[in-house]
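In case you want the letters, here they are:
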Amino acid sequence: LELCFRSPGNEGCETVTFVQSRNVATVYIDVPSGNMDYIHEKKSNAEAASVRVYTANGTLDYSGSAESLKGRGNATWEWCEKKPYSLCLSEEADLLGMGSANNWVLLANAYDVSNIRNKIAYDLARDAGMLYTPQCQWVDVYLNGSYAGLYLLSERNEIHPERVDIPADTSFLVSWELESRMISQGYPYVITERGRALRIRHSAFSLSKVQQMWQSVENAICAEDGIDPVTGK
């Protein structure tokens, strides 16, 4: 778009380019500080934010506030210029038809120049019939008015009616992690006899009970007949 301007003693024309991918939704996030410097200083640093989400055809899908925008990830956070983020909305909202919840993830796909590996993995898991696979959609992200790149807006793995729909009072949710990260970041975890560290994201049980249950699973997986020799399960 060519815009011409005129002011006392000065006039001219300049070209203005609006960046938006075809058939991709757009997310605008603005924080009170006006830049990402504080958030980028440390992964745990957070700011409140205003958030707008537009569908691929330009229709406003959501406009509201977020309790926090902060960093996420490990290697991608430490070593990549394009940062991934966690977004916690002030109220539950259904973003782009993926179900109402507070917590969302912006995956940067910084190590993947194709930007498709995570999406392919999620879609494959869903098509294979897994009980839960995070929904996600590509979005153009603008942070404080500056284009940050193509991201995947994704559900966050958590016990929730629109996410991992299991009873919180009788269940646990874990993820496979590196023990060194669990120690340095202070997250609760258990470790199996074969050295697998499992971060406790939610548990209705004690750490020792989760350890016992998961050890039986590992024993069965590693047994030739698929049966835990200790418990017979």
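Our subject is the structure listed above.
Here the structure is a predicted model, which is why all the values come from computation and not from measurement. (Residues numbered from 1 in each chain as written. Predicted model: local features only at pLDDT ≥ 70, side-chain atom pairs only at ≥ 80, totals over all residues. Heavy atoms only, no water.)

A word on the overall build of the protein chain. Within the protein chain one finds five helices and twelve strands. Here the C-alpha coordinates of the protein chain stretch approximately 85 × 35 × 35 Å along the principal axes. Taking contacts inside the protein chain between residues at least 6 apart in sequence as the whole, the part at least 24 apart equals 45%. Accessible surface, the protein chain: about 13900 Å² in total, of which carbon and sulfur atoms supply 51%. One finds the centroid of the 21 positive side-chain charges in the protein chain at a distance of 4 Å from the centroid of its 30 negative side-chain charges. (Helix = DSSP H or I, 4+ residues; strand = E, 2+ residues; numbered from the N terminus. Contact = heavy atoms within 4.5 Å. Areas by Shrake-Rupley, 256 points an atom, 1.4 Å probe, with all protein chains shown as cover. Lys, Arg positive; Asp, Glu negative; His and termini not counted. Charge placed at Lys NZ, Arg CZ, Asp CG, Glu CD.)

Moving on, we come to the pattern of salt bridges. Applying the stated criterion across every chain yields a total of nine salt bridges. One salt bridge connects Asp-112 with Arg-117, and the closest N-O pair in it is separated by 4.0 Å. Note on Arg-117: relative accessible area 51%, which makes it exposed. The closest approach of N and O atoms between Arg-126 and Asp-127, which form a salt bridge, is 3.3 Å. Look at the salt bridges and you will find they share partners, linking Lys-119, Asp-123, Arg-126 and Asp-127 into a network. (Salt bridge = Lys/Arg side-chain N within 4 Å of Asp/Glu carboxyl O. Buried < 20%, exposed > 50% of the residue type's maximum accessible area, 1.4 Å probe, protein only.)

Turning to the sheet that holds strand β6 (residues 85-94), a few remarks are in order. Strand order in the closed barrel formed by seven strands is β3-β4-β5-β6-β7-β9-β8, and the pairing between neighbours is mixed. This sheet shows a mean twist of 35 degrees between the axes of neighbouring strands, independent of strand direction. Direction of pairing for strand β8 (residues 136-143) relative to strand β9 (residues 146-155): antiparallel, over a ladder of eight bridges. Of the residues in β9, the one forming a bridge with Val-141 is Gly-149. (Pairing = 2+ DSSP bridges. Axes fitted to C-alpha atoms, helices over the stretch in contact; angles between N-to-C directions.)

Our focus in this paragraph is the layout of surface pockets. Taken as a whole, the largest pocket spans an internal volume of roughly 1500 Å³. In terms of lining, the largest pocket is formed by 44 residues, of which the most central are Arg-72, Asn-157, Ser-175, Glu-177 and Arg-201. Breaking the lining of the largest pocket down by element, the ones donating at least two residues are β5 (60-71), α2 (75-79), β7 (100-107), α3 (117-127), β9, β10 (172-177), α4 (179-185) and β12 (197-203). Counting residues per element, the lining of the largest pocket draws most heavily on β10, at five residues. Of the residues that constitute the lining of the largest pocket, the class distribution is 20 nonpolar, 13 polar and eleven charged. (1 Å grid on protein atoms, 1.4 Å probe; cavity = no way out; pocket = protein on both sides within 12 Å on 5 of 7 lines; lining within 4 Å. Points joined across faces, edges and corners; volume = space filled by probe spheres on them. Nonpolar A, V, L, I, M, F, W, Y, C, P; charged D, E, K, R; others polar.)

Empty space among the atoms becomes apparent when a probe as large as a water molecule is rolled across them. According to the stated counting rule, one finds one cavity of 30 Å³ or more in the structure shown. Approximately 40 Å³ is the volume attributed to the largest cavity. In this structure, the largest cavity is lined by Val-27, Val-51, Val-53, Leu-87, Leu-95, Leu-106 and Leu-153. Split by residue class, the lining of the largest cavity holds seven nonpolar, no polar and no charged.

Moving on: the nonpolar core. The biggest cluster of nonpolar side chains holds 28 residues, and the ones touching the most others in it are Ile-29, Val-51, Tyr-85, Leu-89 and Val-139. Where this core is concerned, the elements lending two or more residues are β3 (25-30), β4 (46-54), β5, β6, β7, β8 and β9. Sorting elements by how many residues they give to this core places β6 first, with four residues. Contact partners of Val-51, with chain neighbours within four places excluded, come to Val-27, Tyr-28, Ile-29, Tyr-62, Ser-63, Gly-64, Ala-66, Leu-87 and Leu-89. In terms of nonpolar packing, the next biggest core, distinct from the first, is built from five residues, Val-190, Leu-198, Ile-200 and Val-210 among them. (Core = buried A, V, L, I, M, F, W, Y, C linked by side-chain atoms within 4.5 Å.)

In this section: the packing of aromatic side chains. For the structure shown, the criterion picks out seven aromatic pairs. In textbook terms, an aromatic cluster arises when at least three aromatic residues are bridged by ring pairs, as seen for Tyr-28, Tyr-54, Tyr-142 and Tyr-147. The side chain of Lys-82 reaches across the aromatic face of Tyr-151, ending 4.9 Å from its centre. Looking at Arg-163, its charged tip hangs above the ring of Trp-104, at a distance of 4.6 Å from the centre. (Phe/Tyr/Trp six-rings, centres within 6.5 Å; stacked < 30°, edge-to-face > 60°. Lys NZ or Arg CZ within 6 Å of the ring centre and 35° of its normal.)

Further remarks concern the side chain of Glu-218. Along the polypeptide, Glu-218 turns up in helix α5 (residues 207-222). When neighbours within four sequence positions are excluded, Glu-218 is seen to be in contact with Thr-192, Glu-193, Arg-194 and Arg-196.

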